[in-house]
Amino acid sequence: MSRNAMLDAWVSEVAALCGPERVHWCDGSKAEYDAMIRVMIQTGTAVPLADDTRPGSVLVRSHPADVARVEDRTYICSTNKDDAGPTNNWMAPAEMKATLTELFRGSMAGRTMYVIPYSMGPIGSPIANIGVELTDSPYVVANMHIMTRVGSAVLDVLGDGGFVRGLHSVGAPLGANDPDSPWPHNLEHKYICHFPETREIWSFGSGYGGNALLGKKCHALRIASVQARDEGWLAEHMLILKLTNPEGRVHYITGAFPSACGKTNLAMLTPTIPGWKVETIGDDIAWMKIGRDGRLRAINPEAGFFGVAPGTSEATNANAMGSLTGNAIFTNCAMTEDGDVWWEQMTDEAPEGATDWLRRPWSRGTARKAAHPNARFTVPARQCPVIAPEWEDPEGVPIDAILFGGRRTSTVPLVTEAFDWTHGTFMGATAGSETTAAAVGAVGQLRRDPMAMLPFCGYNMADYWNHWLTFEQRTSPAKLPRVYFVNWFLKGPDGKFLWPGYGENSRVLKWIVERVEGTAEAVDTPIGRVPAPGALDIDGLQLADGALERLLDVDIEGWLNEVPLIRDHFAKFGDRLPTSLAARADDLERSLLVAQE
Ligand code: OXD
Ligand code: MN
């Protein structure tokens, strides 16, 4: 029981529908976390890692049919279909609730229903927001403990106020004599549904990541994007980093990149340029509000990292590795003989005698992968060796620059600066990327992923762009962050990456900060401003012959081919498309044609 009548009534109503064996109100304590881990070990969901590896950590292996976000089963159930827009699956709220009510009926039999009151953002921050998740999964409870702020203090702040309601069931009821399975889920039915108008989430059938940890993608992006539209702020799929130059001047940058494009690596980057320092505020989501000073201020609504494990190593992300020394939950990684986890590229030498994520024997040289490509770690953000001291500042940090990015092997230069806020919105709106394993589906195909929000925008994407455009009226345009498009993934004719990436990306951040400070040179091109010759610091960097020219070159023919693709993309939004964005496509084409002459 809480002091919130709406909450109590809802918990009783859901318990009556789902029929759990018992109801547990989460207090967010360490004892509760430990109890969840014990339950998972007892049911075979988790195995503890050896104490001398990463103390207090476990490995969880899911069912192979439940390994990633299921975008084709994700719905935005607004009253009007057009309010969900052409990029979201839609069903009318009443119809979806009727279907789901039957699925949820009795779905928690034999299980405990956990009530998780959580805050997205520091408890009590003016930018934070409260939700409650009801779930029958101890894996979800343990992960929510790490990823959000859970417990009684949240209820104190909530008082009798409103909250986002998240209902989740793995959809695997147990009869009196049924044994539990290591990864309960529902093979037949999966639904990840959002009711933006009533701030509700109903998620059925999956226990994995963003499908089940409802604070993350469902609340902090899909529902929050609608709250942000209604209340005049921004809920974005962005990392937040703090950059300090050799003179000690600090700048904060956010960056939107599609899933599994190296966001966690960029958020924790170790700069290769002398005297520069990067610290982390967040690696996945930024909530930004105009502060009293007229500047856009960002908080990280999360309290942990749910990062992609494969590819993470001392070489690619030493700070992520440094965060993973204990108290972590690993999902779908391999286990070594000495009781540690392992994933592809974690070490130069693969281990001998491991067990892969499918619990099969695996050894160096085995053809298939040891870890699932979307294997994850969940770890408290405070364990990150470079977490910025102000990462929990309730007022947020003032943002100087916003990056958009994608995985583009051709056409898009290493870095381009937008001419102004509307152009920056255009850059974000037209961002494209080659797909990765973070979502179920084909990997490596180009898809438009506006602001990296394609799977996460809770309303019509054209209205969302319009919302972005309004920020020029909400504050003085000079106070808004500058906008950049970056692409670390260009390849040369030999198929090799032209840019080394990782820590070397600090060179691009340096140019951006110098632009913000007004000291770096740029040249105007039809697509935006790129570094002037000599403006990008490549001191000490070994690039292949001609690589720098290719990295900064504006491929006029390639971009002329891109324009019709942008128009096709915009056409999907009909007359909801902001006219100023359509005009920017025309401007782009015009200046490309002039440049071609
Ligand atoms: C994530 C994602 O898990 O974007 O962060 O898929
Ligand atoms: Mn993400």
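Residues numbered from 1 in each chain as written. Chains lettered and ligands numbered in written order. Predicted model: local features only at pLDDT ≥ 70, side-chain atom pairs only at ≥ 80, totals over all residues. Heavy atoms only, no water.

Among the 7 residues in strand β6 (residues 129-135), 7 count as buried, and that is most of the element. Alternating positions in β6 separate into two faces, Asn129, Gly131, Glu133 and Thr135 on one and Ile130, Val132 and Leu134 on the other, with burial throughout. As paired strands, strand β5 (residues 112-120) and β6 are joined by 7 bridges and run antiparallel to one another. What sits directly across from Tyr118, in β6, is Gly131. Pairing of β6 with strand β8 (residues 164-169) involves 5 bridges; the strand directions are parallel. Across the sheet, the residue bridging to Thr135 is His168, located in β8. (Buried < 20%, exposed > 50% of the residue type's maximum accessible area, 1.4 Å probe, protein only. Helix = DSSP H or I, 4+ residues; strand = E, 2+ residues; numbered from the N terminus. Pairing = 2+ DSSP bridges.)

Turning next to the coordination of the manganese ion (ligand 2). Octahedral metals with six donors have ideal donor angles of 90 or 180 degrees. Tetrahedral metals with four donors have an ideal donor angle of 109.5 degrees. Coordination of the manganese ion (ligand 2) by the protein involves Lys217 (NZ), His237 (NE2) and Asp284 (OD), with metal-donor separations of 2.2 Å. Written as a sequence motif, the donor arrangement for the manganese ion (ligand 2) is K-x19-H-x46-D. Of the two residues, Lys217 sits in helix α8 (residues 215-231) while Asp284 sits in the loop between β14 (277-282) and β15 (286-290), which places them 67 residues apart along the sequence. (Donors = N, O, S within 2.8 Å, 3.2 Å for Na, K, Ca; no water.)

For the rest of this paragraph, the subject is the nonpolar core. Among the nonpolar cores identified, the biggest contains 120 residues, and Trp287, Phe330, Trp343 and Trp465 are the most heavily contacted of them. Tallying contributions element by element places helix α5 (residues 138-147) first for this core, with 7 residues. If sequence neighbours within four positions are ignored, Phe330 has contacts with Leu49, Arg54, Ser57, Val58, Leu59, Val60, Leu324, Val341, Trp343, Arg376 and Phe377. (Core = buried A, V, L, I, M, F, W, Y, C linked by side-chain atoms within 4.5 Å. Contact = heavy atoms within 4.5 Å.)

Glancing now at the layout of surface pockets. Estimates place the volume of the largest pocket at around 1,000 Å³. Lining the largest pocket are 46 residues, with Ala260, Cys261, Gly262, Val308 and Arg407 positioned closest to its centre. Elements represented by at least two residues in the lining of the largest pocket include exactly α7 (209-212), α8, α9 (263-267) and β17 (304-308). In terms of residues, the lining of the largest pocket owes the most to one element, α9, which gives 4 residues. (1 Å grid on protein atoms, 1.4 Å probe; cavity = no way out; pocket = protein on both sides within 12 Å on 5 of 7 lines; lining within 4 Å. Points joined across faces, edges and corners; volume = space filled by probe spheres on them.)

A sheet is described by the order of its strands in space; here 4 strands give the open sequence β11-β15-β16-β24, paired in antiparallel fashion. Whereas interior strands pair on both sides, the edge strands pair on one side only; in this sheet they are β11 (234-236) and β24 (397-398). Bridge analysis of β11 against β15 gives 3 bridges, and the strand direction is antiparallel. Of the residues in β15, the one forming a bridge with Ala235 is Trp287. Along the sheet, α8 makes contact with β11 and β15, crossing β11 at roughly 160°. (Axes fitted to C-alpha atoms, helices over the stretch in contact; angles between N-to-C directions.)

What follows is about helix α14 (residues 505-517). Look at α14: 19 Å from first C-alpha to last across 13 residues, which is about the 18 Å you get at 1.5 Å a residue. Taken across its 13 residues, α14 has 11 buried, putting it largely inside the fold. Every buried residue of α14 is listed here: Asn505, Ser506, Arg507, Val508, Leu509, Lys510, Trp511, Ile512, Val513, Glu514 and Arg515. Where α14 terminates, the next one or two residues include Gly518, which has phi positive at roughly 85°. (Expected span 1.5 Å × (residues − 1).)

The next point concerns the site of ligand 1. As a structural note, the neighbourhood of ligand 1 is formed by 9 residues, with Arg69, Lys217, Ser259, Asp284 and Arg376 the closest of them. Residue Lys217 places a side-chain N or O atom 2.9 Å away from an oxygen atom belonging to ligand 1. Interatomic distance of 2.9 Å between a side-chain N/O atom of Arg376 and an oxygen atom of ligand 1. Comparing atom positions with the cavity grids shows ligand 1 to sit within the largest pocket. Class assignment for the residues of the shell around ligand 1 results in 2 nonpolar, 2 polar and 5 charged. (Near = heavy atom within 4 Å. Polar contact = N/O pair within 3.5 Å; in protein donor to acceptor, adjacent residues only side chain to side chain. Sits in = over half its atoms within 2 Å of the grid points. Nonpolar A, V, L, I, M, F, W, Y, C, P; charged D, E, K, R; others polar.)

Our next topic: empty space enclosed by the protein. It is the rolling of a water-molecule-sized probe over the atoms that shows where space remains empty. Scanning the model with the defined rule gives 3 cavities of 30 Å³ or more in all. What the largest cavity holds in volume is close to 190 Å³. Along the wall of the largest cavity there are 16 residues; nearest its centre are Val412, Met427, Thr430, Phe485 and Trp559. For the lining of the largest cavity, the secondary-structure elements that each account for two or more residues are α11 (421-429) and α16 (556-571). Counting residues per element, the lining of the largest cavity draws most heavily on α11, which supplies 3 residues.

A few words on a negative patch on the surface. Residues Asp51, Asp52, Glu337 and Asp338 make up a contiguous surface patch of negative charge. Looking at Asp52, the relative accessible area reads 68%, which means it is exposed. (Patch = residues over 30% accessible without salt bridge, like charges linked within 9 Å, V, L, I, M, F, W, Y side chains within 5 Å. Areas by Shrake-Rupley, 256 points an atom, 1.4 Å probe, with all protein chains shown as cover. Salt bridge = Lys/Arg side-chain N within 4 Å of Asp/Glu carboxyl O. Lys, Arg positive; Asp, Glu negative; His and termini not counted. Charge placed at Lys NZ, Arg CZ, Asp CG, Glu CD.)

The next thing to look at is the sheet that holds strand β3 (residues 58-60). Taking strand neighbours across the sheet as the criterion, the 5 strands line up as β2-β3-β18-β23-β17 in an open arrangement whose pairing is mixed. A single partner strand is all that each edge strand has here, and the edge strands are β2 (46-48) and β17. Each strand axis lies, on average, 20° off the axis of its neighbour in the sheet, ignoring direction. For β17 and strand β23 (residues 376-380), the ladder comprises 5 bridges, and the chain directions are antiparallel. Bridge pairing in β23 links Val308 to Arg376. Together, β3, β17, β18 (329-331) and β23 form the strand contacts of α5, whose direction differs from that of β17 by roughly 115°.

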